[in-house]
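# Architecture and fold: a report
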Amino acid sequence: MRANHSHSFIAYSEKMRSLLDRVDKIASSDSFVLLVGETGVGKELFAEYIHRTSPRSLNPLVKVGLATIPKELLESELFGHEKGAFTSASNSKQGLFAVADTGTIFLDDVDDVSLSVQSKLLRVLESGKLMRVGGTEEIPINVRVVSASKVNLKTLVKNGTFRADLFYRLNVIPIEIPPLRDRPDDIPLLIDHFLKHFSPEREITISREALHAFMNYSWPGNVRELRNIIERIIVFADSEIKITALPDELQTHDPLEVMVQNCCNCIKNKEMSFEDVVSCLESNLIRKTLAETDGVISRAARNLKMNFSTLHYKMKKYDI
Ligand SMILES: Nc1ncnc2c1ncn2[C@@H]1O[C@H](COP(=O)(O)OP(=O)(O)O)[C@@H](O)[C@H]1O
Ligand SMILES: [Mg+2]
């Protein structure tokens, strides 16, 4: 585990440690960073860490939730506006880019930005100058951009909903943060961390069975979900957290549910197509059954309740 400054950043798994090492290597650089990962994986935490370890650390870090600002206000929020630029603009106002001058701006949910704001963003980033809404003067700015996206922006570029030139501009240093389910070794330390965080005065432990449930859950909401669950159960917890104290979704061990969830995750995260996931499932079922029958196809066909020629055909199809 690594604790940096007063902020604790749990990074025990190999995957997270190598990411942090990469981030440490670029600490002195001024390059733009694009953080990609599902909701709750720690993108904002990474952005803070990047700023804190950079030469800009004493200058401002401005966080902008692009998905939370109403569309019609976004441009003036980002770049500022002059008095009278629109009906409610009774005064001139500086934008968030100007507030972040000499520091870092964190553009969260950059995948949600409209094409028109994308063009304006690109112009500012390319020229290093911005123009307030309703303004006539170009104002020079010096900001480092760390942006975050829930989805792979390349896919959006392919769909035509994200400008390729802006993507290349933002994606100088790409950092992909893996979902929690792909780094279960972080789970025990995160539990410990949040137990101490939410209950610093009481020593609370977790039963083996409950820990097992935490390790086997798919964590669609990632670290944020884990944090919220700990915060919730700690209120009623005795000195040891038992499995019965956990929310229903952690207690269900329905294998079908687990399998379907994993397949959904493959579509979502590995960007496999529906057909690929179905093929993956089929070929794995066949491989596993053949392993159990020592490669005897007729027995495998019987176990799979499939006729011989169908199995033979599928084995050829999947090159088994
Ligand atoms: N590696 C980690 N160690 C400690 N806390 C973490 C870690 N990753 C995420 N968190 C916590 O989980 C919550 C969600 O993280 P956040 O950075 O907001 O995720 P995202 O921006 O990807 O949605 C925050 O409370 C954050 O402090
Ligand atoms: Mg976030």
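Keep in mind that this is a model prediction, so the values were computed, not measured. (Residues numbered from 1 in each chain as written. Chains lettered and ligands numbered in written order. Predicted model: local features only at pLDDT ≥ 70, side-chain atom pairs only at ≥ 80, totals over all residues.)

### Observations regarding the overall build of the chain
- If you tally the helices and strands in the chain, you get 15 helices and 13 strands.
- Reported as C-alpha extents along the three principal axes, the dimensions of the chain are approximately 80 × 55 × 40 Å.
- The buried share among the 320 residues of the chain stands at 27%.
- Excluding contacts between residues fewer than 6 apart, the proportion of contacts in the chain whose partners are at least 24 apart in sequence is 72%. (Helix = DSSP H or I, 4+ residues; strand = E, 2+ residues; numbered from the N terminus. Buried ≥ 20, exposed ≤ 12 C-beta atoms within 10 Å, placed from the backbone. Contact = placed C-beta atoms within 7 Å.)

### Here's the deal with the pairing of strand E10 (residues 144-149)
- Of all six residues in E10, six are buried; the element is thus mostly enclosed.
- Where strand E3 (residues 33-36) and E10 come together, four bridges link them in parallel fashion. The residue of E10 that forms the bridge with Leu-35 is Ala-148.
- The sheet contact formed by strand E7 (residues 104-108) and E10 spans four bridges and is parallel. Residue Phe-106 lies in a different strand from E10, and its bridge partner there is Val-146. (Pairing = 2+ DSSP bridges.)

### So, the pairing of E3
- Along E3, one buried face is formed by Val-33 and Leu-35 and the opposite face, lined by Leu-34 and Val-36, is buried too.
- As paired elements, E3 and strand E11 (residues 173-176) share four bridges and run parallel to each other. Counted as the bridge partner of Val-36 is Glu-176 from E11.

### Quick look at the environment of Leu-285
- Mapped onto the fold, Leu-285 is located in helix H13 (residues 274-292).
- Here Leu-285 falls in the partly exposed class, since 14 other C-beta atoms lie within 10 Å of it.
- The spacing of Leu-285 and Leu-304 is 19 residues in sequence and 8.6 Å in space, taken between C-alpha atoms.

### Side note on the sheet that holds E3
- Taking strand neighbours across the sheet as the criterion, the five strands line up as E4-E7-E10-E3-E11 in an open arrangement whose pairing is parallel. Two strands in the sheet have a free side with no partner beyond their single neighbour: strand E4 (61-65) and E11. Neighbour-to-neighbour, the strand axes of the sheet open up by a mean angle of 15°, direction not taken into account. (Axes fitted to C-alpha atoms, helices over the stretch in contact; angles between N-to-C directions.)

### Let's talk about the nonpolar core
- Among the nonpolar cores identified, the biggest contains 57 residues, and Leu-35, Phe-97, Ile-105, Ile-191 and Leu-226 are the most heavily contacted of them.
- Two domains share this core, each providing at least three of its residues, namely domain 1 (2-75 + 103-126 + 143-176) and domain 2 (180-251).
- When near neighbours in sequence (up to four residues on either side) are disregarded, Phe-97 contacts Leu-78, Phe-79, Ile-105, Val-124, Leu-130, Ile-141 and Val-143.
- Counting residues in hydrophobic clusters, the runner-up holds five residues, among them Ile-286, Ala-300, Ala-301 and Leu-311. (Core = buried A, V, L, I, M, F, W, Y, C linked by C-beta atoms within 7 Å. Domains from an automatic or database assignment.)

### Structural notes on helix H12 (residues 255-269)
- Between the first and last C-alpha of H12 there are 21 Å, a value that for 15 residues agrees with the 21 Å anticipated at 1.5 Å per step.
- Positioned one or two residues after H12, Glu-271 has a phi angle of 55°, which is positive. (Expected span 1.5 Å × (residues − 1).)

### Concerning the domain arrangement of the chain
- Taken domain by domain, the chain holds domain 1 (2-75 + 103-126 + 143-176), domain 2 (180-251) and domain 3 (272-317).
- Here domain 1 and domain 3 have C-alpha centroids that lie 43 Å from each other.

### Side note on the site of ligand 1
- Surrounding ligand 1, one finds 16 residues, the nearest of these being Ile-10, Gly-42, Lys-43, Glu-44 and Val-223.
- Elements represented by at least two residues in the shell around ligand 1 include exactly strand E2 (7-9), helix H2 (43-52) and helix H10 (222-234).
- Looking at the shell around ligand 1 residue by residue, the classes come out as six nonpolar, six polar and four charged.
- Residue contributions to the shell around ligand 1 reach at least three from each of two domains, namely domain 1 (2-75 + 103-126 + 143-176) and domain 2 (180-251). (Near = placed C-beta within 6 Å. Nonpolar A, V, L, I, M, F, W, Y, C, P; charged D, E, K, R; others polar.)

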